Amino acid sequence: MLKLVFFASLRERLGTEGENLELPDGVSTVAELISYLVKERGPIWQQVLQSAQVLVAVNQEMCDPGEQITSGDEVAFFPPVTGG
């Protein structure tokens, strides 16, 4: 089971702060997870998750789309953070 978490504007646009998801067959990387979610859930998920500005962390560590994921991982999606 994966724990998916969505922060800030992503949470608002997707209408959820997170969920538990059984790791889909054939999904072993963040990029494959994003592709799965887009295919299963439609256009708004594509707009949000395939944005070049979306950041991803696996188990609270920043990562790139090629990062391996396994059952039990937490995958968090969030917009870029600005300082000032």
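One can find the structure itself at the top, above this paragraph.
Asks: Which parts of the structure should I look at to understand the sheet that holds strand β1 (residues 2-6)?
Replies: Note: strands within a sheet are paired through backbone hydrogen bonds, in either parallel or antiparallel orientation. Here five strands make up an open sheet; going across it, the order is β2-β1-β5-β3-β4 and the pairing mixed. Looking at the sheet topology across the chains shown, the edges are occupied by β2 (18-21) and β4 (61-63). Looking at each pair of strands side by side, their axes are set apart by 25° on average, direction ignored. As defined by bridge partners, β1 adjoins β2 across four bridges and the pair is classed as antiparallel. Paired with Leu-4 across the two strands is Glu-19, which belongs to β2. Seen against the sheet, helix α2 (residues 30-41) touches β1, β2, β3 (55-58), β4 and β5 (74-78) and runs at an angle of roughly 100° to β2.

Asks: I tried to follow the pattern of salt bridges on my own but got confused; where do I start?
Replies: If the charged atoms of two oppositely charged side chains come close together, the side chains can form a pair. Per the stated rule, a full pass over the model turns up one salt bridge. Across the salt bridge formed by Glu-19 and Arg-41, the nearest N and O atoms sit 2.7 Å from each other. Of the two residues, Glu-19 is situated in strand β2 and Arg-41 in helix α2; the sequence distance between them amounts to 22 residues. Among the residues examined, Arg-41 registers a relative accessible area of 30% and is labelled partly exposed.

What counts as what
- Per-chain numbering applies: the sequence of each chain, read as written, is numbered from 1 onward.
- With pLDDT at 70 or above as the cut-off, local features in this predicted model cover only qualifying residues; side-chain atom pairs require 80 or more to be listed or tallied, and sums for whole chains, interfaces and linings still use all residues.
- Side-chain calculation: all heavy atoms of the structure are included, whereas hydrogens and water are not.
- A strand pair is defined by DSSP finding two or more bridges across the two strands.
- Helix and strand assignments come from DSSP, with helices taken as H or I runs of at least 4 residues and strands as E runs of at least 2, each series counted from the N terminus.
- Note on method: axes are straight lines fitted to C-alpha atoms, helices fitted across the in-contact stretch only, with angles between N-to-C directions ranging 0 to 180 degrees.
- The contact definition used throughout considers only heavy atoms, calling two residues in contact when any of these lie within 4.5 Å.
- Any carboxyl oxygen of Asp or Glu that lies within 4 Å of a side-chain nitrogen of Lys or Arg is treated as forming a salt bridge with it.
- The rule is simple: take the accessible area with a 1.4 Å probe, protein chains only, and divide by the maximum for that residue type; under 20% is buried, over 50% is exposed, in between is partly exposed.

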